[in-house]
2 protein chains.
Amino acid sequence: VSLAVPEEPSRHGQPRTWKLVLQYDGTAFVGWQRQAEGESIQRLLEEALERLDGRPVKVVGAGRTDAGVHALGQVASACLAREVQPSELQRALNAMLPREIRITAAEAAPSGFHARYDARSKTYRYLVVTGDIVSPFAWRYAWHVKQPLQIDAMSRAAGALAGRHDFAAFQATGTDVKTTIRTVTSSVVTATRPGGAVVSPAWAADMPGDETAIAYEISGDGFLRHMVRNIVGTLVEIGIGRRDESSIAATLASRDRGTAGPTAPAHGLYLVRVDYS
Amino acid sequence: VSLAVPEEPSRHGQPRTWKLVLQYDGTAFVGWQRQAEGESIQRLLEEALERLDGRPVKVVGAGRTDAGVHALGQVASACLAREVQPSELQRALNAMLPREIRITAAEAAPSGFHARYDARSKTYRYLVVTGDIVSPFAWRYAWHVKQPLQIDAMSRAAGALAGRHDFAAFQATGTDVKTTIRTVTSSVVTATRPGGAVVSPAWAADMPGDETAIAYEISGDGFLRHMVRNIVGTLVEIGIGRRDESSIAATLASRDRGTAGPTAPAHGLYLVRVDYS
């Protein structure tokens, strides 16, 4: 039997475990994870690493972002047999990957480092723009809600989610996990003019005047499927006055997806940061 | 002979002249102007107006932006036979146009208003980002220059272009115009962290630390073909030290395209504003 995969590393010594930090514009991808059809970030990264290492490479991502979701600080782990300098690995990967994906850091990690299992905390950000018109430069990167939002009400409701709770009400239906209890360490809504949070001042200075940008940021020890997007869908209903801000506690307590708001679209969501011990 | 085009407006009264202000992300277009192949902003706008007016409509743009060039405040003029409220015209056009193009204002203009001939002044902005890596969210919207730029030198050189000059050295070769003399009323380079000018703080806060964003803004009574991009190509050569800042006066005086720098790429350029008397 001829093996394309060497059973031993091609150089002496153990394979080295790597920690890669990456950003991506999720617009054109089917998501982080390999799918039968379409381009995934995982597949492109694995293919690039395979070209470098001369053998199949398995990449683990800290967060399996859905189709259309962006990343500012996704973390991936992989083992490489070939010895390479961190800066050289980063440069080579960026040369092979499309410009929608950038490796912003590459460093050697302790043997056995696992980007998903070892993650202690993750931070997501969700951007919403309001107003009649959404800038041609913002529509791929923020959820456009036409109605004005009561940001104080959203902000108070968001704060009520901080802490250790059962987030079953905000989990996508049909998901099977051992526990739906998670600890949210921070859950904050901030309002800003579009120049502040979504579109640059370079662009926003020239947009008509009624639009606002809102950023929701949440950190926690783990997230259920669609949890951030379901929270944002609920917060936006509070912001437009369709739902009372005080109802969020009852929604949480219900553990019933049917009591929460709709799932906010993927293209406003960013995986911002993954923290390790 | 059967005429698809009614010779008279379909309602009583004169056709009304309209002034439309629009933004577009130029990435996917062949430019403002209709071409034999590919999608142009002019064609999409004319097709939308034709659907509204029920007859062919000719649209004039203040600036014939090239393929890939963006707009924050392009102005177009057109005559419509059908009576319509400004807000309704804006809404209907935005409903028909792709999200890459937004009508940010629609207003009735004096009869005979011509977006190009009547323009008194135009303002363009050009964005440059420097650093090893360009954010996945910025590469379509700014020119990526790896080398650090000496911004003070660029700024002084830019200032030397203000005034009434013969800009033949910065005109694309093979262009035939009556005069290459133009008045530049403002020519300014400003440096900023990426969060300030190109990428939003939401994104930039998470980028590695060595990148800078530079905005060049120029206003004048008219611009030669590729004039802004050729000026930027020259300023960037000054910024990286390949060209002395004091040479810009000699370049201008030479009236020779060969003495100026390369043409900066289209995707960093924005038509920001068009002013009328």
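Cut-offs used in this document
Positions within a chain are numbered from 1, following the residues in the order the chain's sequence is written. To read the labels, note that chains go from A and ligands from 1, taken in the order they are written. Residue-level local features of this predicted model are given only where pLDDT is at least 70; pairs of side-chain atoms are given and counted only at 80 or more, and the full residue set underlies all totals for whole chains, interfaces and linings. To obtain the side-chain values, all non-hydrogen atoms of the structure were included, while hydrogens and water were left out. Put simply, DSSP marks the helices as runs of H or I at least four residues long and the strands as runs of E at least two long, and each gets a number from the N terminus on. A fitted line through C-alpha atoms represents every axis, and for helices the fit uses only the stretch in contact; the resulting angles, taken between N-to-C directions, go from 0 to 180 degrees. Any angle between 65 and 115 degrees counts as roughly perpendicular, while under 35 counts as roughly parallel, over 145 as roughly antiparallel, and the rest as oblique. Note on convention: near helix rotated counterclockwise from far helix by under a right angle means a left-handed crossing. Clockwise means right-handed. Every residue pair with non-hydrogen atoms within 4.5 Å of one another is taken to be in contact. Under the grouping applied here, Gly and all other residues not named as nonpolar or charged are polar, the nonpolar ones being Ala, Val, Leu, Ile, Met, Phe, Trp, Tyr, Cys and Pro and the charged ones Asp, Glu, Lys and Arg. Pairing of aromatic side chains here covers Phe, Tyr and the six-membered ring of Trp, requires ring centres within 6.5 Å, and sorts the geometry by plane angle: under 30 degrees stacked, over 60 edge-to-face, intermediate tilted. Remark: exposure states derive from per-residue accessible area (1.4 Å probe, protein chains only) relative to the maximum for the residue type, with buried under 20%, exposed over 50%, and partly exposed in between. The term salt bridge refers to a pairing of a side-chain nitrogen on Lys or Arg with a carboxyl oxygen on Asp or Glu at a separation within 4 Å. DSSP calls a pair of strands paired once it identifies at least 2 bridges connecting them. How sure the predictor is of each residue is captured by pLDDT, a score from 0 to 100.

> Could you give an account of unusual backbone geometry, naming the residues involved and the relevant values?
All names here are of chain A. A positive phi angle, near 65 degrees, is found at His226, a position not held by glycine. Within the fold, His226 resides in the loop between β9 (212-220) and α6 (227-239). With phi around 55 degrees, Arg255 is a residue other than glycine that occupies positive phi space. Its place among the elements puts Arg255 in the loop between α7 (247-254) and β10 (269-276).

> Give a description of the packing of helix α1 (residues 41-53) of chain A against helix α2 (residues 86-96) of chain A that names residues and reports values.
Residues and elements named next belong to chain A. At their nearest, the axes of α1 and α2 sit 10 Å apart, and the two run at 120 degrees to each other. For the element pair α1 / α2, the angle class is oblique. Viewed along their axes, α1 and α2 form a crossing whose handedness is right-handed. Facing Leu45, Ala48, Leu49, Arg51 and Leu52 of α1, the residues of α2 in contact are Leu89, Ala92, Leu93 and Met96. Here the residues of the contact of α1 with α2 sort into eight nonpolar, no polar and one charged.

> Can you lay out the packing of aromatic side chains for me, pointing to particular residues and giving the numbers?
In total, this model carries 12 aromatic pairs over all chains according to the counting rule given. Geometrically, the ring pair formed by B:Tyr124 and B:Phe223 is edge-to-face, given 5.0 Å between the ring centres and 80 degrees between the ring planes. Remark: B:Phe223 occurs in the loop between β9 (212-220) and α6 (227-239) and B:Tyr124 occurs in strand β5 (residues 119-130); sequence separation between them is 99 residues. Arranged with centres 6.3 Å apart and planes meeting at 85 degrees, the rings of B:Tyr126 and B:Trp143 form a pair that is edge-to-face. Of the two residues, B:Tyr126 sits in strand β5 while B:Trp143 sits in strand β6 (residues 143-145), which places them 17 residues apart along the sequence. Judged on exposure class, the residue B:Tyr126 and its partner B:Trp143 are both buried. Ring pairs connect the aromatic residues A:Phe137, B:Tyr141 and B:Tyr270, which therefore count as one cluster.

> Kindly report on the environment of A:Leu93, identifying the contributing residues and their values.
Residue and element names in this part refer to chain A. Tracing the chain through its elements places Leu93 in helix α2. Residue Leu93 is classed as buried on the basis of its relative accessible area of 0%. The contact partners of Leu93, leaving out residues within four places of it in the chain, are Leu20, Leu45, Ala48, Leu49, Leu52 and Ile103.

> If you had to explain the pattern of salt bridges to someone new, which residues and values would you point to?
This model, assessed by the stated rule, comprises 28 salt bridges over all chains. Measuring nitrogen to oxygen at the nearest pair gives 2.6 Å for the salt bridge that ties A:Arg125 to A:Glu217. Residue A:Arg125 is found in strand β5 (residues 119-130), and its partner A:Glu217 is found in strand β9; the two are separated by 92 residues along the sequence. Using a relative accessible area of 10% as the deciding quantity, one classes A:Arg125 as buried. Put simply, B:Asp66 and B:Arg229 hold a salt bridge, and the shortest N to O gap is 3.3 Å. Here B:Asp66, found in the loop between β2 (59-61) and β3 (70-80), pairs with B:Arg229, found in helix α6; they are 163 residues apart in sequence, far enough to count as distant. Residue B:Arg229 is classed as buried on the basis of its relative accessible area, which comes to 12%. It is possible to trace a salt-bridge network through shared partners that takes in A:Asp25, A:Glu100 and B:Arg140.

> Got a sec to walk through the pairing of β5(A)? Specific residues and values, please.
Regular strands have side chains that alternate between both faces of the sheet. Residue and element names in this part refer to chain A. In terms of residue burial, β5 counts as a mostly covered element, since 11 of its 12 residues are buried. Relative to β9, β5 runs antiparallel, the two sharing nine bridges. Bridge assignment links Thr123 to a residue of β9, and that residue is Ser219. As paired elements, β5 and strand β6 (residues 143-145) share three bridges and run parallel to each other. Bridge pairing links Val128 to Trp143 in β6.

> Report on the confidence of the model for chain A, specifying residues and quantitative values.
Residues and elements named next belong to chain A. Scored by pLDDT, chain A has a mean of 89; 88% of the residues are at 70 or more. A low-confidence stretch, residues 1-10 (pLDDT under 50), is modelled with six contacts involving residues beyond four sequence positions or located in other chains. Across residues 195-209 the pLDDT falls below 50, and counting only partners more than four positions away or on other chains, this stretch makes 52 contacts in the model. Here the predicted complex scores 0.89 on pTM and 0.87 on ipTM.

> Describe helix α2 (residues 86-96) of chain B, and please don't skip the residues or the numbers.
Restricting attention to buried positions, one finds in α2(B) the residues B:Leu89, B:Gln90, B:Ala92, B:Leu93 and B:Asn94. Where α2(B) is buried, its residues meet β1 (16-24), α1 (41-53), β3 and β4 (101-108) of chain B.

> Any chance you could break down the side chain of A:Gln171 for me, citing the residues and the numbers?
Residue and element names in this part refer to chain A. Among the structural elements, Gln171 can be located in the loop between β7 (163-166) and β8 (181-192). Note on Gln171: relative accessible area 9%, which makes it buried. The residues touching Gln171, leaving out its near neighbours within four places in the chain, are Val177, Thr180, Leu224, Arg225, Asn230 and Arg257.

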